[in-house]
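Listed below, chain by chain, are the residues.
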Amino acid sequence: FASASPINISSPNNPTDDTVLAAIGLDGGSAVTGEPDDAAGDGFLQVKSIIREEDQVRYNGDRENDFAVRIGPRSTIEVSKNGKDAILDTGVFSALKRFEDALRGENFRAVTGGVQVSDTSITLAEANVGVAEDEQFRDGTFRVTVTDREYSPARQVSVAIEVDIEHDTFADVAERINGIPGVTASWDEDGRLNIGVDDDERYSIVLADESGNFLERVGIDFDRMQVDAISQALGQLETLQDSITSQVSDFGARSNRIDIQTSIFADIEVTMRETLSEKQDTDITKAIMDLKAKEVAYQAALAAAARTMQMSLVDFLR
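So, here's what we can say about the structure.

**Observations concerning the overall build of the chain**
At step 1: Regarding its fold elements, the chain presents 9 helices and 10 strands.
At step 2: Contacts spanning at least 24 positions in sequence make up 63% of the contacts within the chain whose residues lie at least 6 apart.

As structure tokens, this is what we get:
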């Protein structure tokens, strides 16, 4: 998409100061943005076109703090993690994207040949000895296309590998592939050709025979690359499942701690109520007995007073 108005970025105090833009990472290693009206070295960036990066996930929440509640004057209990640690950093989005790419037959990152080579030091012509004609290597070319996502939009580099069966050995061809930036190639112990990238997040590859049949003869074709990509994606998803399970277990442990703490608080509340009740509440049985005793004493006092009031002075003088 494109912005309706140009975006201008410059230093507020000195528009020609390049170091301000560089300090916040906007120089990008280039003096200009590529826009028609943007001049080099003027410390001023003008952007009209904005590239949208497809299939990119960015976490915009809190990347550092976890939610916690205070327990008492000094302690806290963690309730949940921030979304970056709990979800994004598990690799769930990239793993699902790679699985989607594998199903669509896109963005391959590694492949292992299906044919074993017993001796990688011999020439391809020597490998033809004793095999059927339709299984022999032929002179020709195969192409390796590398997509670099370090740039936006992604850049592609396509390299043609010439194969001369009279002079090239299996090891020579692997070394030639290995010389392509971002690509690695080697023969494993089983004699199978492994081709991959040295940075899964940055690079992807496409391999295809053009005029020769080298890739076909070592067992590398589109179907093989897709099968390997699906297997790798499924392996990542299995590992991811363990990671997600760990995160779920962590949340479960946090929930259990909260439940335990809630139970402790409930017990403390009951204990406090019982203690307060012992100090403040009236013992009905004891209170009734005390009341009866005081009532008897009071009645006796009244009876004694009544008898005393009935006697005259003459009764006392006798």
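Next comes the rest of the description.
**Let's talk about helix α5 (residues 170-178)**
At step 1: Those residues of α5 lying buried are Phe 170, Val 173, Ala 174 and Ile 177. Along the long axis of α5, the arc covered by the buried residues comes to 100°, so they all point the same way.
At step 2: Where α5 is buried, its residues meet α4 (124-127), β6 (140-148), β8 (183-187), β9 (193-197) and α6 (214-217).

**A short note on helix α3 (residues 92-104)**
Owing to its 3.6 residues per turn, the α-helix brings residues three or four apart onto one side.
At step 1: With 13 residues, α3 should reach 18 Å at 1.5 Å per residue; the first-to-last C-alpha distance of 18 Å fits that figure.
At step 2: Following α3 by one or two positions, Gly 105 adopts a phi angle in the positive range, close to 75°.

**A few points about unusual backbone geometry**
At step 1: Positive phi is not limited to glycine here, since Asn 107 has a value of about 55°.
At step 2: In this structure, Asn 107 sits in the loop between α3 and β5 (110-112).

**Overview of a nonpolar patch on the surface**
At step 1: Taken together, Ile 260, Ile 264, Phe 265, Ile 268 and Met 272 make up a surface patch of nonpolar side chains, about 490 Å² in accessible area.
At step 2: Using a relative accessible area of 43% as the deciding quantity, one classes Phe 265 as partly exposed.

**Quick word on the packing of aromatic side chains**
At step 1: Taken as a whole, this structure holds 5 aromatic pairs when the rule is applied.
At step 2: A ring pair is formed by Phe 142 and Phe 214, whose centres lie 5.4 Å apart and whose planes are at 15°; its orientation type is stacked. With a gap of 72 residues between them, Phe 142 in strand β6 and Phe 214 in helix α6 connect regions that are remote in the sequence.
At step 3: A ring pair is formed by Phe 170 and Trp 187, whose centres lie 5.6 Å apart and whose planes are at 90°; its orientation type is edge-to-face. In this pair, Phe 170 is assigned in helix α5 and Trp 187 in strand β8, connecting sequence segments 17 residues apart.

**Description of the pairing of β9**
At step 1: Among the 5 residues of β9, 4 are classified as buried, and the element is accordingly described as predominantly covered.
At step 2: Pairing of β5 with β9, which is carried by 3 bridges, proceeds in the antiparallel orientation. Bridge pairing in β9 links Val 111 to Ile 195.
At step 3: Sheet analysis places β8 next to β9, joined by 5 bridges and oriented antiparallel. Across the sheet, Thr 184 pairs through a bridge with Gly 196, a residue of β9.
At step 4: Turn length for the β8-β9 hairpin, with the two strands adjacent in sequence and antiparallel, is 5 residues, and the turn residue Gly 191 shows positive phi of about 80°.

**Examining the sheet that holds strand β7 (residues 155-163)**
At step 1: Spatial strand order, β7-β6-β10: 3 strands in an open sheet with antiparallel pairing. Only two strands of the sheet have a single neighbouring strand rather than two, namely β7 and β10 (203-209). Ignoring which end each strand starts from, the neighbouring axes of this sheet average 20° apart.

**Focus: the pairing of β7**
At step 1: As paired elements, β6 and β7 share 9 bridges and run antiparallel to each other. Within the sheet, the bridge partner assigned to Thr 141 lies in β7 and is Glu 162.
At step 2: Hairpin connection from β6 to β7: 6 residues lie between these consecutive antiparallel strands.

**Quick notes on the side chain of Thr 123**
At step 1: Note that Thr 123 resides in the loop between β5 and α4.
At step 2: The class of Thr 123 is buried, set by a relative accessible area of 14%.
At step 3: Once residues lying within four places of it in the same chain are set aside, the contact partners of Thr 123 are Ile 165, Glu 166, His 167, Asp 168, Thr 169 and Phe 170.

Cut-off values and rules
Residues numbered from 1 in each chain as written. Predicted model: local features only at pLDDT ≥ 70, side-chain atom pairs only at ≥ 80, totals over all residues. Heavy atoms only, no water. Helix = DSSP H or I, 4+ residues; strand = E, 2+ residues; numbered from the N terminus. Contact = heavy atoms within 4.5 Å. Buried < 20%, exposed > 50% of the residue type's maximum accessible area, 1.4 Å probe, protein only. Arc of directions from axis to C-beta. Expected span 1.5 Å × (residues − 1). Patch = residues over 30% accessible without salt bridge, like charges linked within 9 Å, V, L, I, M, F, W, Y side chains within 5 Å. Areas by Shrake-Rupley, 256 points an atom, 1.4 Å probe, with all protein chains shown as cover. Salt bridge = Lys/Arg side-chain N within 4 Å of Asp/Glu carboxyl O. Phe/Tyr/Trp six-rings, centres within 6.5 Å; stacked < 30°, edge-to-face > 60°. Pairing = 2+ DSSP bridges. Axes fitted to C-alpha atoms, helices over the stretch in contact; angles between N-to-C directions.

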